[in-house]
Amino acid sequence: MNDDIDLKQYIDNIPDFPKPGILFYDISSLMRNADAWQLATSRMAHAVMPWQPDQLAAIESRGFLTAAPLATRLGCGIIMLRKPGKLPGETVSLSYDLEYGSDSLHIQAEAIKPGQRVVVTDDLLATGGTLAASIALLRKAGANVVGASVMIELAGLRGRDKIDVPLHALLTYED
């Protein structure tokens with residue numbers, strides 16, 4: 001694996017998106033570059049592999065993008081954590097508070113066998129509310145959550161402080 005390539009050069013920085021004062025780190029530009037995307041997913045898989053997951057739990061919706069290539073590389077399955085009304089059958093849910101309101105996540109009731117080793121994946125860790133809620137939901141459903149992996153961490157927002165499992169961030173931005 002080529003550790004001297006800085007993947008940040010493939011991330012577009014979009015000022016004032018989605019609203020004024022926000023600097024958006026866009027992974028779309030990384031995903032469009034086949035070599036950079038392969039390197040990014042390889043690095044993430046290398047970091048997650050020691051946790052020996054049985055399943056990856058992907059947070060809707062950009063978490064699906066990171067989980068799919070990781071699951072292929074690691075030889076494990078994917079569980080989708082979705083918004084209300086998006087999954088068929090019986091679901092287990094968890095409501096949680098955000099900075100400006102609340103939200104909820106759902107998982108299919110039969111998605112986890114008790115004690116399965118699960119790593120949660122998402123594209124971004126900001127304030128940590130959604131990732132922490134995902135971990136709590138997975139535990140409620142019987143999972144042994146052994147880690148979390150994100151493509152980008154906004155370290156200045158201190159979301160890591162809310163996460164009580166080992167966390168891997170492919171890229172870290174301080175602001």
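Residues numbered from 1 in each chain as written. Predicted model: local features only at pLDDT ≥ 70, side-chain atom pairs only at ≥ 80, totals over all residues. Heavy atoms only, no water.

> Report on the overall build of the chain, specifying residues and quantitative values.
The helix and strand tally for the chain stands at four helices and nine strands. Element order for the chain, N to C, with α for helix and β for strand: β-β-α-α-β-α-β-β-β-β-α-β-β. Taken against the 2.2 N^0.38 rule, which gives 16 Å for 175 residues, the C-alpha radius of gyration of the chain at 16 Å falls within 12% of a compact globule. Each principal axis of the C-alpha atoms in the chain carries an extent, and together these give about 40 × 40 × 30 Å. Of all 175 residues assigned to the chain, the portion counted as buried reaches 46%. (Helix = DSSP H or I, 4+ residues; strand = E, 2+ residues; numbered from the N terminus. Rg over C-alpha atoms; globule rule 2.2 N^0.38 Å. Buried < 20%, exposed > 50% of the residue type's maximum accessible area, 1.4 Å probe, protein only.)

> Describe the nonpolar core, listing the residues and the values that go with them.
With 27 residues, the main nonpolar core has Ile-107, Ile-112, Val-120, Leu-131 and Leu-138 as its most contacted residues. Top element by residues in this core is helix H4 (residues 129-140). It accounts for five residues. Excluding anything up to four places from it in sequence, Ile-107 contacts Ile-79, Met-80, Leu-81, Leu-87, Glu-90, Thr-91, Val-92, Ile-112, Leu-137, Leu-138 and Ala-141. Judged by nonpolar contacts, the second largest core, of 26 residues, contains Leu-30, Ala-36, Val-48 and Leu-56. (Core = buried A, V, L, I, M, F, W, Y, C linked by side-chain atoms within 4.5 Å. Contact = heavy atoms within 4.5 Å.)

> Now, about the sheet that holds strand S4 (residues 77-81): what can you tell me, with residues and values included?
Pairing between sheet strands relies on hydrogen bonds along the backbone, with the strands arranged either parallel or antiparallel. Read from one edge of the open sheet, five strands run S4-S3-S7-S8-S9, paired in parallel fashion. At either end of the open sheet lies a strand with only one pairing partner, and these are S4 and strand S9 (167-173). Averaged over all neighbouring strand pairs, the angle between strand axes comes to 20 degrees, with direction disregarded. When strand S3 (residues 55-59) meets S4, the two strands line up parallel, connected through five bridges. For Ala-58, the partnering residue across the bridge sits in S4 and is Met-80. (Pairing = 2+ DSSP bridges. Axes fitted to C-alpha atoms, helices over the stretch in contact; angles between N-to-C directions.)

> Explain the layout of surface pockets to me, and be specific about the residues and the numbers.
The computed volume of the largest pocket comes to approximately 1200 Å³. For the largest pocket, the lining is made up of 33 residues, of which Arg-62, Glu-99, Leu-124, Ala-126 and Thr-127 are closest to its centre. Of all the secondary-structure elements, those providing two or more residues to the lining of the largest pocket are strand S2 (23-26), strand S5 (91-98), strand S6 (101-108), strand S7 (117-125), H4 and strand S8 (144-154). With four residues, the single largest contributor to the lining of the largest pocket is S7. Along the lines of polarity and charge, the residues of the lining of the largest pocket split into 18 nonpolar, six polar and nine charged. (1 Å grid on protein atoms, 1.4 Å probe; cavity = no way out; pocket = protein on both sides within 12 Å on 5 of 7 lines; lining within 4 Å. Points joined across faces, edges and corners; volume = space filled by probe spheres on them. Nonpolar A, V, L, I, M, F, W, Y, C, P; charged D, E, K, R; others polar.)

> An account of the packing of aromatic side chains is requested, with residue identities and associated values reported.
Per the counting criterion, the structure on display carries two aromatic pairs. Arranged with centres 5.1 Å apart and planes meeting at 80 degrees, the rings of Phe-17 and Phe-24 form a pair that is edge-to-face. Classification of Phe-17 by relative accessible area gives partly exposed; the value is 42%. Judged by its relative accessible area of 22%, Phe-24 falls in the partly exposed class. Stacked on the ring of Tyr-173, the Lys or Arg Lys-8 has its end atom at 4.5 Å from the ring centre. (Phe/Tyr/Trp six-rings, centres within 6.5 Å; stacked < 30°, edge-to-face > 60°. Lys NZ or Arg CZ within 6 Å of the ring centre and 35° of its normal.)

> Now, about the packing of helix H2 (residues 34-48) against helix H3 (residues 62-74): what can you tell me, with residues and values included?
The packing of two helices is summarised by the inter-axis angle and the distance between the axes. Viewed as axis vectors pointing N to C, H2 and H3 meet at an angle of 65 degrees, and their least axial separation amounts to 9 Å. Considering the angle they form, H2 stands roughly perpendicular to H3. When the axes of H2 and H3 are compared, the crossing they make is right-handed. The segment H2 lies against H3, with Trp-37, Gln-38, Thr-41, Ser-42, Met-44, Ala-45 and Val-48 engaging Leu-65, Thr-66, Pro-69, Leu-70, Arg-73 and Leu-74. Of the residues that constitute the contact of H2 with H3, the class distribution is eight nonpolar, four polar and one charged. (Parallel < 35°, antiparallel > 145°, perpendicular 65-115°, else oblique. Left-handed = near helix turned anticlockwise from the far one by under 90°.)

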